[in-house]
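# Coordinates in review
The chain contents come next:
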Amino acid sequence: MSRTEGRPPTHPPAPAPEPERAELEALLARCAAGDRSALESLYTRVAPILLAVLIRMLRRRDVAEDALQDVFVSVWQRAQQFDPIRGRPLAWLVSMARYRAIDLQRARRPAVALTEVSALEPQLQSAGPGESGDLYGMGGPLLRCLEQIAAPQRRCLVLAYEDGLTHSEIARAVNEPLGTVKSWMRRSLTALRRCLES
Amino acid sequence: MNYENPELLDRLAAEYVLGTLRGAARRRFDRLCAQSEAARRALWRWEDDWTPLSRALTPVQPSPQVWGSVTRRLFGSEARVPGARRRRGWQLAAAAAVVAVALIVGLLVRQPSVPPQIFAVLGTDRAHPLWQLERPKTLAALTIRVVGSVQREPGKDYELWALPKGGQPVSLGLLPATGTLAHPLSEAQRAALRAADKVAVSVEPTGGSPTGSPTGPIIIVTPVPALG
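This is a predicted model, so every value here is computed, not measured.

## Details of the overall build of chain B
Scanning chain B for helices and strands turns up 7 helices and 9 strands. Looking at chain B residue by residue over its 228 residues, the buried ones come to 54%. Taking contacts inside chain B between residues at least 6 apart in sequence as the whole, the part at least 24 apart equals 54%. Summed over its atoms, the accessible surface of chain B is roughly 9800 Å², and 57% of this surface lies on carbon and sulfur atoms.

Following this line, the structure appears as structure tokens:
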């Protein structure tokens, strides 16, 4: 995989073409100006990325596609509030999707059974950082730093970020006491920040 | 908690982004972000930092109908709301009969037999309704129609809230300045709306409350009928 020119260093090469920051910013600016075709272009570029995020967190494709609709409705409504100073446009879009999923999970929380969490295990083992060739090959500070964290602790972080599990759900998934999981995560995040800054 | 401590702030931001900060603690951090540039920066930095992990997932092509639903929700609602003009006359006539408290007025018009129903009219002045809220029977989306002249302050948005009895306000999204918006409702929003006896409008920074709770002045509070 080759890097695209001008990409910020924290964005690794990815399986699909990386939407360029400038391109996404331009599309958001056109959305803010009411250009519907820009929303369609933006959708074409980022909807598959956001849907992957949403499916992973919500575990049901139909629910994830509903959430994807919600996200793009919000993107259109809020495009004029996107401020390039706040960060990268993809991070803004991904965050919008993830926070939407977290809201939806909160409403669906009672339905999340331990068996569902357990059913996730093989998927996690095949896709967690350190276990996936793709991720190894991607580089980038986050993945480099995640690799420096011991596997059980790293798995907790990934269960939180990618799967949107709560502390208690993570504790059940990794079969460790809640207090252990919380302190692991506290320490891992401090280590991660230190590594990201180095 | 001492939010001046940069390490604590950074860890709270990290847990917010991871999603492990939930409930009251998540709302507290939301409120903190509304006030603190340092908190916002910590949040944005973690959002940026973690994005590569989202990019690492294999993208999934959405079903073809998803895009159609997005455009229908955003741009196609005019055609789906026949008879709105007739009901608007109803609502204006009814509005004139309502006594406002201070600058606050709201009214309910229930027409259960005619979908979509208008279930609230929002205005800061009883002679000048600004938005009317309609909903299709399924409660899948809340249709918000601008019926007055909405003055937009620079840097501000109007945000709609469901006020569940005895609960925290739940955002129902931003109110449009023009036209009609079919705002899709999440399960949480539907639940909040079903439990709500009032809706409110607050003035928020552009993009809506960064905290998940109203942060600006509440300019309208309007009772709404119970939703089935």
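## A closer look at the layout of surface pockets
Roughly 500 Å³ of volume is contained in the second largest pocket. Contributing to the lining of the second largest pocket are 21 residues, with W76 and Q77 of chain A together with P176, T178 and L181 of chain B lying nearest its centre. Tallied by class, the residues present in the lining of the second largest pocket amount to 10 nonpolar, 7 polar and 4 charged. Residue-level mapping places the lining of the second largest pocket at the junction of two domains, with at least three residues from each of domain 2 (64–110) and domain 3 (117–223) of chain B.

## Quick look at the state of the cysteines
Residue and element names in this part refer to chain A. Taken as a whole and judged by the stated rule, the model has 1 disulfide over all chains. Between the sulfur atoms of C145 and its disulfide partner C195 the distance amounts to 2.0 Å. Handedness here is read from the sign of the S-S torsion; for C145 and C195, about -80°, the answer is left-handed. Here the residue C145 occupies a position in helix α8 (residues 141–147), and C195 occupies one in helix α11 (residues 178–197), the gap between them amounting to 50 residues. Each of the two residues, C145 as well as C195, counts as buried.

## Regarding the pattern of salt bridges
Counted by the stated rule, this structure contains 18 salt bridges over all chains. Between E162 of chain A and R56 of chain A there is a salt bridge, with the nearest N and O atoms lying 3.2 Å from each other. In this pair, E162 of chain A sits in the loop between α9 (151–161) and α10 (167–174) while R56 of chain A sits in helix α2 (residues 36–58), placing the two residues 106 residues apart along the sequence. Across this residue pair, the class does not change: E162 of chain A and R56 of chain A are buried. Note that R193 of chain A and D10 of chain B form a salt bridge whose closest N and O atoms lie 3.1 Å from each other. Of this pair, R193 of chain A sits in helix α11 while D10 of chain B sits in helix α1 (residues 6–18), placing the two residues on different chains. Of the two residues, R193 of chain A and D10 of chain B, neither departs from the other in class, the shared state being buried.

## Considering the interface of chain A and chain B
Between chain A and chain B, the contact holds 73 residues from the first and 54 residues from the second. Summed over both partners, the interface of chain A with chain B buries about 5900 Å², with 62% contributed by carbon and sulfur atoms. Applying the counting criterion to the chain A and chain B interface returns 5 salt bridges. A salt bridge links D48 of chain B to R88 of chain A; the shortest N-O distance between them is 3.4 Å. Taken together, the links from chain A to chain B amount to 21 residue pairs in polar contact (both at pLDDT 80 or more). Residue assignment for the side of chain A that touches chain B shows that the elements contributing at least two residues are α2, α3 (61–78), α4 (89–108), α7 (133–138), α8, α9, α10 and α11 of chain A. Of the residues belonging to the side of chain A that touches chain B, the class tally is 42 nonpolar, 12 polar and 19 charged.

## Regarding the packing of α11 of chain A against α1 of chain B
The contact between α11 of chain A and α1 of chain B brings their axes to 10 Å, and the two run at 105°. In terms of orientation, α11 of chain A and α1 of chain B fall into the roughly perpendicular class. Of the residues in α1 of chain B, those in contact with M185, R186, L189, T190 and R193 of chain A of α11 of chain A are D10, R11, A14, E15 and L18 of chain B. When the residues that make up the contact of α11 of chain A with α1 of chain B are grouped by side-chain class, the tally is 4 nonpolar, 1 polar and 5 charged.

## Quick look at the nonpolar core
L42, F72 and L192 of chain A together with F29 and W50 of chain B are the most contacted members of the largest nonpolar core, which totals 87 residues. Broken down by element, the residue count for this core peaks at 14 residues, all from α2 of chain A. Residue assignment places this core across two domains, with domain 1 (6–56) and domain 2 (64–110) of chain B each supplying three or more. When sequence neighbours within four positions are dropped, the list of residues in contact with F72 of chain A reads L39, L42, Y43, V46, A47 and L50 of chain A together with V70 and L74 of chain B. Counting 27 residues, the second-largest nonpolar core is a separate cluster that includes F119, A120, L122 and I220 of chain B.

## Side note on the environment of Q153 of chain A
Residues and elements named next belong to chain A. Relative to the assigned elements, Q153 resides in helix α9. With 35 residues separating them in the primary sequence, Q153 and S188 have C-alpha atoms 6.8 Å apart. Leaving out residues up to four positions away in the same chain, Q153 has contacts with W184 and S188.

## Observations regarding the packing of aromatic side chains
Applying the stated rule across the entire model yields 8 aromatic pairs over all chains. Centroid distance Y43 of chain A to F72 of chain A: 4.9 Å. Interplanar angle 65°. Geometry classified as edge-to-face. Here Y43 of chain A is found in helix α2, whereas its partner F72 of chain A is found in helix α3, with 29 residues between them in sequence. By the burial criterion, Y43 of chain A is buried, and F72 of chain A matches it. Every member of this aromatic cluster is reached through a ring pair, and the members are Y43 and F72 of chain A together with W67 of chain B. We note R36 of chain A situated over the ring of F75 of chain B; from NZ or CZ to the ring centre the distance is 3.9 Å. The positively charged end of R26 of chain B is found above the aromatic ring belonging to Y16 of chain B, 3.8 Å away from the centroid.

Conventions adopted
Residues numbered from 1 in each chain as written. Chains lettered and ligands numbered in written order. Predicted model: local features only at pLDDT ≥ 70, side-chain atom pairs only at ≥ 80, totals over all residues. Heavy atoms only, no water. Helix = DSSP H or I, 4+ residues; strand = E, 2+ residues; numbered from the N terminus. Buried < 20%, exposed > 50% of the residue type's maximum accessible area, 1.4 Å probe, protein only. Contact = heavy atoms within 4.5 Å. Areas by Shrake-Rupley, 256 points an atom, 1.4 Å probe, with all protein chains shown as cover. 1 Å grid on protein atoms, 1.4 Å probe; cavity = no way out; pocket = protein on both sides within 12 Å on 5 of 7 lines; lining within 4 Å. Points joined across faces, edges and corners; volume = space filled by probe spheres on them. Nonpolar A, V, L, I, M, F, W, Y, C, P; charged D, E, K, R; others polar. Domains from an automatic or database assignment. Disulfide = S-S within 2.5 Å. Salt bridge = Lys/Arg side-chain N within 4 Å of Asp/Glu carboxyl O. Buried area = accessible area lost by both parts, 1.4 Å probe. Polar contact = N/O pair within 3.5 Å; in protein donor to acceptor, adjacent residues only side chain to side chain. Axes fitted to C-alpha atoms, helices over the stretch in contact; angles between N-to-C directions. Parallel < 35°, antiparallel > 145°, perpendicular 65-115°, else oblique. Core = buried A, V, L, I, M, F, W, Y, C linked by side-chain atoms within 4.5 Å. Phe/Tyr/Trp six-rings, centres within 6.5 Å; stacked < 30°, edge-to-face > 60°. Lys NZ or Arg CZ within 6 Å of the ring centre and 35° of its normal.

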